[in-house]
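Analysis of the macromolecular model
If you want the building blocks of each chain, they are given just below.
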Amino acid sequence: MIELVAQAETMREVVRLALRVASTDANVLITGESGTGKDVLAHLIHARSSRSANELVKIDCASLPSELLEAELFGYERGAFTGATEAKPGRFEAAHKGTLLLDEIAHLSTDAQAKLLRVIERREFERLGGRRTIKVDARLIALTNVELEDAVKRRSFREDLFYRLNVVRLHLPPLRERREDVPELTERFLKMYAAKHGRRANALTPAALAAFTAYDFPGNVRELANTIERAVIVSSGQRIEADDLPDSLHAAIAFQKRRTRRQTLAELEADYIKETLAAAKGNKSEAARLLGISRKNLYEKLARYGEGVGVRVKGVEKNDER
Ligand SMILES: Nc1ncnc2c1ncn2[C@@H]1O[C@H](COP(=O)(O)OP(=O)(O)O)[C@@H](O)[C@H]1O
Ligand SMILES: [Mg+2]
């Protein structure tokens with residue numbers, strides 16, 4: 001079981017509330033962008049509940065077409081549909097006395113929503129094609145990365161079901177709104193992936209750390225984890241260098257800076273030349289080609305913008321007059 005990082009005050013508040021409700025039977029709705037840790041939090045709630053000796057059963061409502069999803073959820077009797085050669089209990093039964101985790105709840109079909117509501121209200125159901133009533137006691141935790149209220153307004157999600165699920169709501173803020181969590185998450189993932197891949201990397205250079213601090217992580221904690229795993233794999237030494245981070249991250253940072261700083265056209269040109277030179281590893285002929293200008297023109301611009309644009313790239317400098 002992963003230990004949940006919560007340094008940011010907003011996160012601590014969420015975790016405190018989660019621990020308070022864990023011991024109750026209340027249904028919980030966890031909201032938050034993809035990769036913010038909804039699964040982790042759901043596992044924590046189950047682990048700290050009186051149901052922890054029983055199963056935490058997960059079903060992803062977006063992964064299956066409607067009929068298959070209902071068969072998975074409620075199970076079926078032999079002959080319920082073509083191909084149902086054997087009876088099969090569903091996830092609801094498996095979650096008896098435990099917790100049922102409904103991921104991507106907004107994707108639940110209208111039919112399945114009606115059935116789910118009935119199970120919540122009556123605490124019993126029948127398998128597909130079955131007559132026997134099965135009693136079930138499962139705590140529900142639903143996850144979503146969309147605003148369910150909007151889905152209710154659009155009438156794609158039942159309001160009555162929404163209220164049944166939304167007894168306690170826990171919202172996980174995106175990582176860009178809790179940057180205090182980045183250092184500890186980074187440290188945690190570094191250890192984990194270095195061990196996994198047998199690498200020595202155990203720290204970030206200041207430049208790499210600065211890149212992490214400036215970046216927005218649209219994919220949240222999952223993206224941070226993937227970025228670190230990749231960096232650990234490609235890095236050769238003990239420290240992760242800015243160069244070990246993907247180009248997309250550098251490009252996004254450059255773009256954010258540009259948007260927030262309100263540069264003059266000349267500054268923008270100087271920066272772009274600098275980035276292009278870096279991409280060309282300091283080779284000016286190559287940079288001129290990428291910029292669509294002559295080498296002579298590039299030299300003129302470099303002279304005009306001064307040393308600030310000069311890029312020194314270790315080991316390739318000598319090649320730059322090629
Ligand atoms: N607060 C956290 N502490 C430690 N690891 C986390 C945290 N939040 C997310 N993770 C990790 O990030 C990844 C994505 O988390 P997950 O719970 O699957 O996100 P979601 O369900 O919101 O898409 C997982 O590998 C998870 O272990
Ligand atoms: Mg998830």
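For the structure given in this document, a descriptive report is provided here. Every chain is numbered on its own, with residues counted from 1 as its sequence reads. Key to labels: chains lettered from A, ligands numbered from 1, both in the order written. Confidence filtering applies because this is a predicted model: local features only for residues at pLDDT of at least 70, side-chain atom pairs given and counted only at 80 or more, and all residues used for totals across whole chains, interfaces and linings. Remark: hydrogens and water are excluded; side-chain values derive from all non-hydrogen atoms of the structure.

Below, the discussion takes up the sheet that holds strand S2 (residues 56-60). A pair of strands is treated as paired once DSSP finds two or more bridges between them. For helices the rule is a DSSP run of H or I covering at least 4 residues; for strands it is a run of E covering at least 2, with both sets numbered from the N terminus onward. Within the open sheet, the 5 strands sit side by side as S2-S5-S8-S1-S9. Their pairing is parallel. At either end of the open sheet lies a strand with only one pairing partner, and these are S2 and strand S9 (168-171). Sheet twist, expressed as the average angle between the axes of neighbouring strands with direction ignored, equals 20°. Both strand S1 (residues 28-31) and strand S8 (residues 139-144) contribute to a ladder of 4 bridges, which runs parallel. Bridge assignment links Ile30 to a residue of S8, and that residue is Leu143. Contact definition: two residues touch when any of their heavy atoms are within 4.5 Å. Axis geometry follows a simple rule: fit a line to the C-alpha atoms, using only the stretch in contact for helices, then measure angles between N-to-C directions, giving values from 0 to 180 degrees. Across the sheet, helix H1 (residues 9-22) touches S1, S8 and S9, and the angle it forms with S9 is around 150°.

Time to look at the packing of aromatic side chains. One pair of aromatic rings is described through two measures. These are the centre distance and the angle between the planes. Each Phe, Tyr or Trp ring, with Trp reduced to its six-membered ring, pairs with another whose centre is within 6.5 Å; inter-plane angles below 30 degrees give stacked pairs, above 60 give edge-to-face pairs, and intermediate values give tilted ones. Under the criterion given, the structure shown has 8 aromatic pairs. Through a chain of ring-to-ring contacts, the aromatic side chains of Phe74, Phe92 and Phe125 assemble into a single cluster. Sitting over a ring, as applied to charges here, requires NZ of Lys or CZ of Arg to be within 6 Å of the ring centre and within 35 degrees of the ring normal. In this arrangement the basic side chain of Arg304 is found over the ring face of Tyr305, its NZ or CZ atom lying 5.7 Å from the centre.

What follows covers the nonpolar core. The nonpolar side chains of soluble globular proteins are, as a tendency, buried together. Judged by nonpolar contacts, the single largest core of 31 residues is most densely connected at Phe92, Leu102, Ile105, Leu116 and Phe157. Mapped by element, the contributors of at least two residues to this core are S2, helix H3 (66-74), strand S5 (99-103), helix H5 (110-122), S8, helix H6 (148-153) and helix H7 (159-165). With residues near it in sequence (within four places) discarded, Phe92 still touches Leu73, Phe74, Leu100, Leu116, Val119, Phe125, Val136, Ala138 and Leu140. Definition of nonpolar core: a set of buried residues of the types Ala, Val, Leu, Ile, Met, Phe, Trp, Tyr and Cys, connected through side-chain atoms within 4.5 Å. Categorising residues by exposure relies on relative accessible area from a 1.4 Å probe, with only protein chains included: less than 20% of the type maximum marks a residue as buried, more than 50% marks it as exposed, and the intermediate range marks it as partly exposed. In terms of nonpolar packing, the next biggest core, distinct from the first, is built from 24 residues, Leu175, Val182, Leu190 and Val232 among them.

Let us now look at the site of ligand 1. Ligand 1 sits among 15 residues. The nearest are Val5, Gly35, Lys38, Asp39 and Arg222. Definition of a polar contact: a pair of N or O atoms within 3.5 Å, with one able to donate and the other able to accept a hydrogen when the atoms are protein atoms, and with sequence-neighbouring residues admitted only if both atoms are side-chain atoms. One of the backbone N or O atoms of Thr36 is found 3.3 Å from an oxygen atom in ligand 1. Taking Gly37, its main chain carries an N or O atom lying 3.1 Å from an oxygen atom of ligand 1. Residue exposure ignores everything except the shown protein chains as possible cover, and the areas themselves are Shrake-Rupley values with a 1.4 Å probe. When isolated, ligand 1 has an accessible area of 560 Å², and the protein chains bury 86% of it. Contributing elements (two or more residues each) for the shell around ligand 1: helix H2 (38-47) and helix H10 (220-234). With 3 residues, H2 is the largest single contributor of residues to the shell around ligand 1. Neighbouring residues are identified by heavy atoms, a residue being near a molecule or strand if any of them is within 4 Å of it.

Read these as geometric descriptors, not functional statements.
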